[in-house]
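# Inside the fold
The residues making up each chain are set out below.
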Amino acid sequence: MSLQGKRIVVGLGGGIAAFKAVQLVRELMRRGAEVRVVMTEAAGRFVGPITFAGLTGKPAVTDLWAEDYAGEVHVELGEWADAIVIAPATMNLMARATSGQANDAVLATLACARGEVFFAPAMHHRMWSHPATQLNVRLLTERGAVVLGPVTGPLANGEVGEGRMLEPDDIADAVESRLAHTDDLKGTRVLITAGPTHEDLDPVRYLGNRSSGRMGYAIAAQALRRGAEVTLVTGPVQLPAPTGAEVVSVRSAQQMHEAVMSRFDRFDVAIMAAAVADYRPAQRATHKIKKGGGLKLELVRNPDILADLGAKRGSQPSVLVGFALETENLEQAARDKLEQKSADLIVANEASSGLGQDTNRATLVDASSASPLPEMSKRALADQILDRVRALLKHPSRKPRHEAERGAPN
Ligand code: C5P
């Protein structure tokens with residue numbers, strides 16, 4: 001009964017997969033959740049509200065204009081729900097949700113969501129791969145919703161393709177695992193770096209890298225969701241600031257170094273996910289560099305933020321996490337970095353995976369173990385990292401610095 005006490009709204013769009021929402025409602029209830037159903041008018045053409053009323057013991061909400069209802073049902077449901085699960089999420093419903101429409105019961109409830117929001121898309125494969133749908137999925141994800149599936153399989157018209165809704169059990173699993181983490185980092189102060197740094201050559205040019213910042217932003221979003229107090233020191237990225245975080249925007253490695261070093265002793269956890277430039281131009285030209293023959297750039301080393309933090313930390317932060325992007329000998333390189341930078345955990349990536357993408361494949365390396373993880377969304381990986389951080393907060397792997405220096409046993 002792992003959803004015991006959770007309140008979940010299931011919202012239906014109008015698609016054939018609506019029949020599976022009946023099983024989804026049952027499954028969520030079987031796991032202990034209290035469920036209410038909202039549906040669009042089109043959904044009502046596929047499956048009747050009476051079915052849901054019978055299952056949940058409450059009328060399914062189909063109409064914002066019901067005369068026998070005195071209050072604002074969408075506001076009440078949005079506030080009531082720990083999670084809203086849109087299943088099936090049709091192309092149309094996701095497009096309307098993305099553009100902020102609120103002209104039916106499902107969308108108005110979504111607009112008032114206080115808790116987690118999930119979409120389980122179901123549509124023909126060409127609708128799914130349509131650029132508008134793909135853009136909407138990206139936007140919904142960036143705003144914090146979780147898009148579950150779809151999977152490749154038989155579709156309504158008999159074709160096989162990507163667009164089939166996840167099975168009710170799988171949707172329930174995803175909802176359950178996400179709701180399970182709520183508030184387990186309450187009171188923990190987390191400092192996160194994210195994104196690339198830009199090292200200016202002149203007033204219009206810089207040296208940078210392809211980091212999108214998504215990994216660090218996903219960690220910030222998940223840490224916030226789990227109740228942590230988050231400060232995000234971010235290089236230049238094209239991502240919306242996570243709601244609830246203190247955001248410190250910087251441009252260069254030196255600025256990031258300064259932002260982190262002036263704050264680190266106020267934090268329990270520091271997670272250095274930024275792709276900090278190792279070098280910067282020795283000089284920043286005051287005027288735009290004119291083209292001529294060849295151009296030789298002289299570069300100088302940037303400060304290593306993670307290493308400096310590792311060297312200077314006393315009792316804080318209690319947990320220090322770094323990243324390692326490697327092309328070979330991943331685990332050994334991560335282990336070396338753990339040692340050299342006095343970190344507690346290194347998240348090691350193959351250079352071929354992750355950069356600029358929504359998913360990532362990583363190995364988590366700490367003093368006693370190396371755990372290779374399967375490819376997963378950056379959000380899911382963020383949760384795995386935070387699970388390890390939480391374990392390290394409870395059972396630190398690091399000896400207090402003075403003991404380590406004296407070489408004291410244990
Ligand atoms: O040494 P390397 O750059 O491979 O280490 C990567 C890790 O160190 C990442 O966690 C990154 O955020 C951090 N780093 C840093 N400052 C630098 C370079 C890397 O904090 N100048």
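Computed from a prediction, not measured in an experiment: that's the story for all the values here. (Residues numbered from 1 in each chain as written. Predicted model: local features only at pLDDT ≥ 70, side-chain atom pairs only at ≥ 80, totals over all residues. Heavy atoms only, no water.)

Moving on: the overall build of the protein. Within the protein one finds 14 helices and 21 strands. Across its three principal axes, the protein shows a C-alpha extent of roughly 70 × 65 × 40 Å. Residues counted as buried form 48% of the 410 residues belonging to the protein. For the protein, the proportion of contacts with a sequence separation of at least 24, taken over those separated by at least 6, is 68%. Within the structure as shown, the protein displays about 19,900 Å² of accessible surface, and the carbon and sulfur contribution to it stands at 50%. Separation of charge centres in the protein, based on 48 positive and 48 negative side chains, amounts to 4 Å. (Helix = DSSP H or I, 4+ residues; strand = E, 2+ residues; numbered from the N terminus. Buried < 20%, exposed > 50% of the residue type's maximum accessible area, 1.4 Å probe, protein only. Contact = heavy atoms within 4.5 Å. Areas by Shrake-Rupley, 256 points an atom, 1.4 Å probe, with all protein chains shown as cover. Lys, Arg positive; Asp, Glu negative; His and termini not counted. Charge placed at Lys NZ, Arg CZ, Asp CG, Glu CD.)

Where two aromatic rings form a pair, the distance of their centres and the angle of their planes describe that pair. According to the stated counting rule, one finds zero aromatic pairs in the structure shown. Seen from the ring of Tyr 279, Arg 301 lies directly overhead, with NZ or CZ sitting 5.5 Å from the centre. (Phe/Tyr/Trp six-rings, centres within 6.5 Å; stacked < 30°, edge-to-face > 60°. Lys NZ or Arg CZ within 6 Å of the ring centre and 35° of its normal.)

Lining the immediate environment of the ligand, one finds Met 272, Ala 274, Val 276, Asp 278, Pro 303, Asp 304, Ile 305, Leu 306, Gly 322, Phe 323, Lys 337 and Lys 341. The contact in question runs from an oxygen atom of the ligand to an N or O atom on the backbone of Met 272, over 2.6 Å. Between Ala 274 and the ligand, the recorded distance is 2.6 Å, taken from a backbone N or O atom to an oxygen atom. Protein contacts shield 86% of the accessible area of the ligand, which totals 450 Å² for the unbound molecule. Mapped by element, the contributors of at least two residues to the shell around the ligand are helix 11 (305–312) and strand 16 (319–326). Taken together, the residues of the shell around the ligand break down into seven nonpolar, one polar and four charged. (Near = heavy atom within 4 Å. Polar contact = N/O pair within 3.5 Å; in protein donor to acceptor, adjacent residues only side chain to side chain. Nonpolar A, V, L, I, M, F, W, Y, C, P; charged D, E, K, R; others polar.)

Here the focus is the pairing of strand 3 (residues 83–89). Counting buried positions along strand 3 gives seven out of seven residues, so the element sits mostly inside the fold. Along strand 3, one buried face is formed by Ala 83, Val 85, Ala 87 and Ala 89 and the opposite face, lined by Ile 84, Ile 86 and Pro 88, is buried too. The pairing of strand 1 (residues 7–12) with strand 3 spans four bridges and is classified as parallel. Note on strand 3: the bridge partner recorded for Gly 11 is Ile 86. With five bridges joining them, strand 3 and strand 4 (residues 116–121) adopt parallel strand pairing. (Pairing = 2+ DSSP bridges.)

Turning our attention to the packing of helix 1 (residues 18–30) against helix 8 (residues 168–180). With their axes 9 Å apart at the nearest point, helix 1 and helix 8 run at an angle of 45° to one another. The orientation of helix 1 with respect to helix 8, classified from their angle, is oblique. In this structure, helix 1 meets helix 8 at a crossing whose hand is right-handed. Of the residues in helix 8, those in contact with Lys 20, Gln 23, Leu 24, Glu 27 and Leu 28 of helix 1 are Pro 168, Asp 169, Ile 171 and Ala 172. Split by residue class, the contact of helix 1 with helix 8 holds five nonpolar, one polar and three charged. (Axes fitted to C-alpha atoms, helices over the stretch in contact; angles between N-to-C directions. Parallel < 35°, antiparallel > 145°, perpendicular 65-115°, else oblique. Left-handed = near helix turned anticlockwise from the far one by under 90°.)

A few words on the nonpolar core. Among soluble globular proteins, nonpolar side chains are generally buried collectively. Among the nonpolar cores identified, the biggest contains 34 residues, and Ile 192, Ile 219, Val 230, Ile 271, Val 321, Phe 323 and Ile 385 are the most heavily contacted of them. Within the residue set of this core, elements represented by two or more residues are strand 8 (189–194), helix 9 (214–225), strand 11 (229–234), strand 13 (269–272), strand 16, strand 17 (345–350), strand 19 (362–366) and helix 13 (378–394). Formed by 32 residues, the second largest nonpolar core is a distinct cluster that contains Ile 8, Val 47, Ala 122 and Leu 148. (Core = buried A, V, L, I, M, F, W, Y, C linked by side-chain atoms within 4.5 Å.)

Further remarks concern the sheet that holds strand 20 (residues 370–372). Sheet architecture is open: eight strands sit in the order 12-11-8-13-16-17-19-20, paired in mixed fashion. The open sheet has two free edges, formed respectively by strand 12 (246–249) and strand 20, since each of these has just one partner strand. This sheet shows a mean twist of 15° between the axes of neighbouring strands, independent of strand direction. The strands that helix 12 (residues 330–340) touches are strand 16, strand 17, strand 19 and strand 20; relative to strand 17, the one it contacts most, it runs at about 150°.

Another point: the sheet that holds strand 1. Taken in spatial order, the five strands line up as 2-1-3-4-5 in an open sheet, and their pairing is parallel. Here the strands that pair on one side only, and so sit at the sheet edges, are strand 2 (34–39) and strand 5 (146–147). When strand 4 meets strand 5, the two strands line up parallel, connected through two bridges. Directly across from Phe 118, in strand 5, lies its bridge partner Val 146. Taken strand by strand, helix 8 contacts strand 1, strand 3, strand 4 and strand 5, and its axis lies near 160° from that of strand 4.

These figures capture arrangement, not role.
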